Amino acid sequence: MDILNTILSRFDPISLTEVNQQAALLRRVDTKFVLSIDGLPALLRTWQDSHRVLEVENSRSIGYQSVYWDTPDLALYNAHHAGASSRIKLRMREYAESGLRFFEVKARNNKGITDKQRKRLNDPIPPEELVRQYSNLDERHLRDQPLKPVLEID
């Protein structure tokens, strides 16, 4: 991590406010690549003059916790890894530095476009209620199965 932090310190910063003003990333087309951690420093160096790094409260290492919801047989996870053209992802996310909490629904359509809806959790809304509100977005994979927290990432 030390070498990554050193490389990231050479990038110009961008604030969360600026990111949200420029591109809230709520509707997007994703392309993902697999890269070994050993290849990351070289890749970051090539982006140094063309990209900026998110900085929140003087930190470029942003911590968050995510809790993903799924069925007992992991129908949503399996739909994702099977490449289902239409699928959803339900999660709660809390950002450590800012304390902001969100319930997020990511719905991918058959054209490869991901539409993300976020509900800020200011009030103590039971997560189960939010899950119920959005579970009808993917009746094909859920088939009236109950949803529960299945994975927590910190």
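Residues numbered from 1 in each chain as written. Predicted model: local features only at pLDDT ≥ 70, side-chain atom pairs only at ≥ 80, totals over all residues. Heavy atoms only, no water.

When you go through the chain residue by residue, the secondary structure sums to six helices and eight strands. Listing each helix as α and each strand as β along the chain from the N terminus yields α-β-α-β-α-β-β-α-β-β-β-α-α-β. Scored against the burial criterion, the 154 residues of the chain give a buried share of 29%. Put simply, of all contacts in the chain between residues at least 6 apart along the chain, 65% involve residues at least 24 apart. As displayed, the chain offers around 10300 Å² of accessible surface, 50% of which is attributable to carbon and sulfur atoms. (Helix = DSSP H or I, 4+ residues; strand = E, 2+ residues; numbered from the N terminus. Buried < 20%, exposed > 50% of the residue type's maximum accessible area, 1.4 Å probe, protein only. Contact = heavy atoms within 4.5 Å. Areas by Shrake-Rupley, 256 points an atom, 1.4 Å probe, with all protein chains shown as cover.)

This part takes up the packing of aromatic side chains. Within the structure shown, the criterion is met by two aromatic pairs. Relative to Tyr95, the ring of Tyr64 has its centre 5.8 Å away and its plane inclined at 55°; by these criteria the two rings are tilted. With Tyr64 in strand S4 (residues 64-70) and Tyr95 in strand S5 (residues 87-95), this pair connects stretches of sequence that are 31 residues apart. With 6.3 Å between their ring centres and 75° between their planes, Tyr95 and Phe102 make a pair best called edge-to-face. Members of the aromatic cluster, each reached through a chain of ring pairs, are Tyr64, Tyr95 and Phe102. (Phe/Tyr/Trp six-rings, centres within 6.5 Å; stacked < 30°, edge-to-face > 60°.)

Moving on, we come to the pattern of salt bridges. Taken as a whole, this structure holds five salt bridges when the rule is applied. Across the pair Arg52 and Glu18 runs a salt bridge, and its minimum N-O distance is 3.4 Å. Residue Arg52 is located in strand S3 (residues 52-54), and its partner Glu18 is located in helix H2 (residues 16-22); the two are separated by 34 residues in the primary sequence. When its relative accessible area of 29% is taken as the criterion, Glu18 is described as partly exposed. Members of the salt-bridge network, linked through shared partners, are Arg91, Glu104, Lys116 and Arg118. (Salt bridge = Lys/Arg side-chain N within 4 Å of Asp/Glu carboxyl O.)

Attention now goes to the side chain of Asp70. Within the fold, Asp70 resides in strand S4. The class of Asp70 is buried, set by a relative accessible area of 3%. From its side chain, Asp70 meets the backbone nitrogen of Tyr77 in a polar contact 2.9 Å long. Once residues within four sequence positions are removed from consideration, Asp70 is found in contact with Ala75, Leu76, Tyr77, Pro146, Leu147, Lys148 and Val150. (Polar contact = N/O pair within 3.5 Å; in protein donor to acceptor, adjacent residues only side chain to side chain.)

Next up on the list: a nonpolar patch on the surface. On the surface, Leu74, Tyr77, Val150, Leu151 and Ile153 cluster together into a nonpolar patch covering about 400 Å² of accessible area. Examining the composition of the nonpolar patch, we find that three residues originate from one element, strand S8 (residues 148-153), more than from any other. Mapping Val150 onto the fold places it in strand S8. (Patch = residues over 30% accessible without salt bridge, like charges linked within 9 Å, V, L, I, M, F, W, Y side chains within 5 Å.)

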